[in-house]
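Results of the structural survey
These are the residues of each chain, in order.
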Amino acid sequence: MTGKLLVLSALVAAAGATTSHGPFTEDFVKFLEKNPERNEYTLSAYKEYGTSGTFGGRATKDSKIAQQPVVFVHGNSDSALHHSAMASGWTKSVEHFKAHQYSGAELYGLTYGGRDINHSLQSSITCRNLLGLRRFIEAVLEYTQAEKIDIIAHSMGVTLARKAIKGGTMHLAGESCNLGGPISDKVDALVAISGANYGMCMCLMAGLSETPACGQAGYAPGACGNKNATMTACLEAEATCDGEADHASVLRAVNAVVDEDDNEDDDDEKEAAFVASIWSNDDLILGKDNLVWGRKTSHVAGSDLTHGYAGLDHFQSKDDTVRDQLALVSKHSLHGGRAKRHH
């Protein structure tokens, strides 16, 4: 009987080990509580979403930080860590990084928005999430005292992370917010996974264009001067953006440069010393071949490396690329044996 109990205890401990990445550690929470007003968003995520809603921080105040910290930003209706089959979070990434010499003091993430994919079309970019993420990144920088951090973002998280890094003012319907100056000099690597920088063709489907996720604060692809603005036409490989760019205004703001006077120019500016854009060409959410009016929608302008996978869906592009995520932030390259990168 004693032997069976020991085996059961070992199994319970092993199972617990796979879910013990969150929430924030007590040491990090104490740091955040020193400035509760500035860190309200981060603390709210810690209090609202439970064990799977946040992760990161020193186990003790004396824990060393040896690796460059990484901030993970999930996508629409996802979670910081595994919450459900359709909200898998960054659990696989965290486990892989921890298996390769990273500690919990060097890996950070929080949850924003709802975690029910059935409500994903009601989500869009908001000032609360932009400001909250910016303050979270700033908190990680101050807490770890790191000269630079890395950021890995997926889907809607790419939009949020890019604007949080670039700073400046974001004008949205009924609200606007100033994020402060750019912090790109504090970001070593940005890994942008399956972002929709030029919108999503699926938003041209009947009934979707009126939803928040497909609006001007979301992922409207516009018509780009094309008279036949249908999803099928938008996805065509030979489609071109001959007219004025009219994808969602929030995306145009993110794609623009913000100078010191908070003026926006229609140009590109790198968000980090090294920027990688990766996606799947078989992602049905972003569309076959990742095309929106002839452009790869997941390509962040100025990227140092781009790569399109085959055979992965939208969520697998996050969950099944953990080896490459680690290589991209630590070595600024993909693992060997991969197909030729797409430029």
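Structure: above.
First things first, this report covers the structure right here in the doc. (Residues numbered from 1 in each chain as written. Predicted model: local features only at pLDDT ≥ 70, side-chain atom pairs only at ≥ 80, totals over all residues. Heavy atoms only, no water.)

What follows is about the overall build of the protein. Summing up its helical and strand segments, the protein has 10 helices and 13 strands in all. Taking all 343 residues of the protein together, 52% fall into the buried category. If you take every contact in the protein between residues at least 6 apart in sequence, the share linking residues at least 24 apart comes to 76%. For the protein, the accessible area works out to roughly 15300 Å², and carbon and sulfur atoms hold 51% of it. (Helix = DSSP H or I, 4+ residues; strand = E, 2+ residues; numbered from the N terminus. Buried < 20%, exposed > 50% of the residue type's maximum accessible area, 1.4 Å probe, protein only. Contact = heavy atoms within 4.5 Å. Areas by Shrake-Rupley, 256 points an atom, 1.4 Å probe, with all protein chains shown as cover.)

Below, the discussion takes up helix H4 (residues 91-98). Three or more residues of H4 are buried, namely Thr-91, Ser-93, Val-94, His-96 and Phe-97. Check the buried side of H4 and you find it contacts strand E1 (54-55), strand E2 (70-73), strand E3 (107-110), strand E4 (149-154), helix H9 (316-319) and helix H10 (322-330).

For the coordinates displayed, the defined rule picks out 12 aromatic pairs. Both rings, one in Phe-55 and one in Phe-72, keep their centres 6.0 Å apart while their planes meet at 50°; by these two values the pair is tilted. In this pair, Phe-55 sits in strand E1 while Phe-72 sits in strand E2, placing the two residues 17 residues apart along the sequence. For the pair shown, Phe-55 and Phe-72 are each scored as buried. Between the aromatic rings of Phe-97 and Tyr-102, the centroid separation amounts to 5.0 Å while the plane-to-plane angle is 65°, which identifies the pairing as edge-to-face. Of the two residues examined, Phe-97 and Tyr-102, each falls in the buried class. One aromatic cluster is present, formed by Phe-24, Phe-28, Phe-31, Tyr-46, Tyr-108, Phe-136 and Tyr-143 through successive ring pairs. The ring of Tyr-198 has Arg-295 lying over it, and the distance from NZ or CZ to the ring centre is 4.2 Å. (Phe/Tyr/Trp six-rings, centres within 6.5 Å; stacked < 30°, edge-to-face > 60°. Lys NZ or Arg CZ within 6 Å of the ring centre and 35° of its normal.)

As a further point, take the pattern of salt bridges. One pass over the full model with this rule turns up 12 salt bridges. Between Arg-128 and Glu-40 there is a salt bridge, and its shortest N-O distance comes to 3.1 Å. One end of the pair, Arg-128, is in helix H5 (residues 127-144); the other, Glu-40, is in helix H3 (residues 40-48), with 88 residues separating them in the sequence. Look at Glu-40 and you get partly exposed, because its relative accessible area is 33%. Salt-bridge contacts for Asp-319 lead to Lys-318; the nearest nitrogen and oxygen are separated by 2.8 Å. Both residues of the pair, Asp-319 and Lys-318, count as buried. It is possible to trace a salt-bridge network through shared partners that takes in Arg-38, Arg-134, Arg-135 and Glu-138. (Salt bridge = Lys/Arg side-chain N within 4 Å of Asp/Glu carboxyl O.)

The terminal C-alpha atoms of H5 lie 26 Å apart, and with 18 residues this matches the ideal 26 Å at 1.5 Å per residue to within 8%. Counting buried residues along H5, 14 of its 18 residues qualify, which places the element largely inside the surrounding structure. Positive backbone phi, at 60°, marks Gln-145, one or two positions downstream of H5. (Expected span 1.5 Å × (residues − 1).)

A few words on the packing of helix H2 (residues 26-33) against H5. Running from N to C, H2 and H5 point in directions that differ by 110°, and their axes come no closer than 11 Å. In terms of their interaxial angle, H2 and H5 are classed as roughly perpendicular. Crossing of H2 over H5 shows right-handed handedness. Of H5, the residues touching H2 (which contributes Asp-27, Phe-28, Phe-31 and Leu-32) are Phe-136, Ala-139, Val-140, Glu-142 and Tyr-143. In the contact of H2 with H5, the residues fall into seven nonpolar, no polar and two charged. (Axes fitted to C-alpha atoms, helices over the stretch in contact; angles between N-to-C directions. Parallel < 35°, antiparallel > 145°, perpendicular 65-115°, else oblique. Left-handed = near helix turned anticlockwise from the far one by under 90°. Nonpolar A, V, L, I, M, F, W, Y, C, P; charged D, E, K, R; others polar.)

This part takes up the pairing of strand E10 (residues 274-280). Among the seven residues of E10, seven are classified as buried, and the element is accordingly described as predominantly covered. What you see with E10 is no split at all: Phe-274, Ala-276, Ile-278 and Ser-280 on one side and Val-275, Ser-277 and Trp-279 on the other are buried throughout. Judged from the five bridges that link them, strand E7 (residues 187-193) and E10 form a sheet pairing that is parallel. When the bridges of E10 are listed, Leu-190 appears paired with Val-275. Of the pairings in the sheet, the one linking E10 to strand E13 (residues 305-309) comprises five bridges and is parallel in character. Bridge pairing in E13 places Trp-279 opposite Gly-308. (Pairing = 2+ DSSP bridges.)

The next point concerns the sheet that holds E13. Sheet strands pair by backbone hydrogen bonding; their relative direction is either parallel or antiparallel. Spatial strand order, E1-E3-E2-E4-E7-E10-E13: seven strands in an open sheet with mixed pairing. Of all strands in the sheet, those with a lone pairing partner are E1 and E13, marking the two edges. Where E1 meets E3, two bridges bridge the pair, whose relative direction is antiparallel. Across the sheet, Thr-54 pairs through a bridge with Leu-110, a residue of E3.

Geometry only, nothing functional implied.
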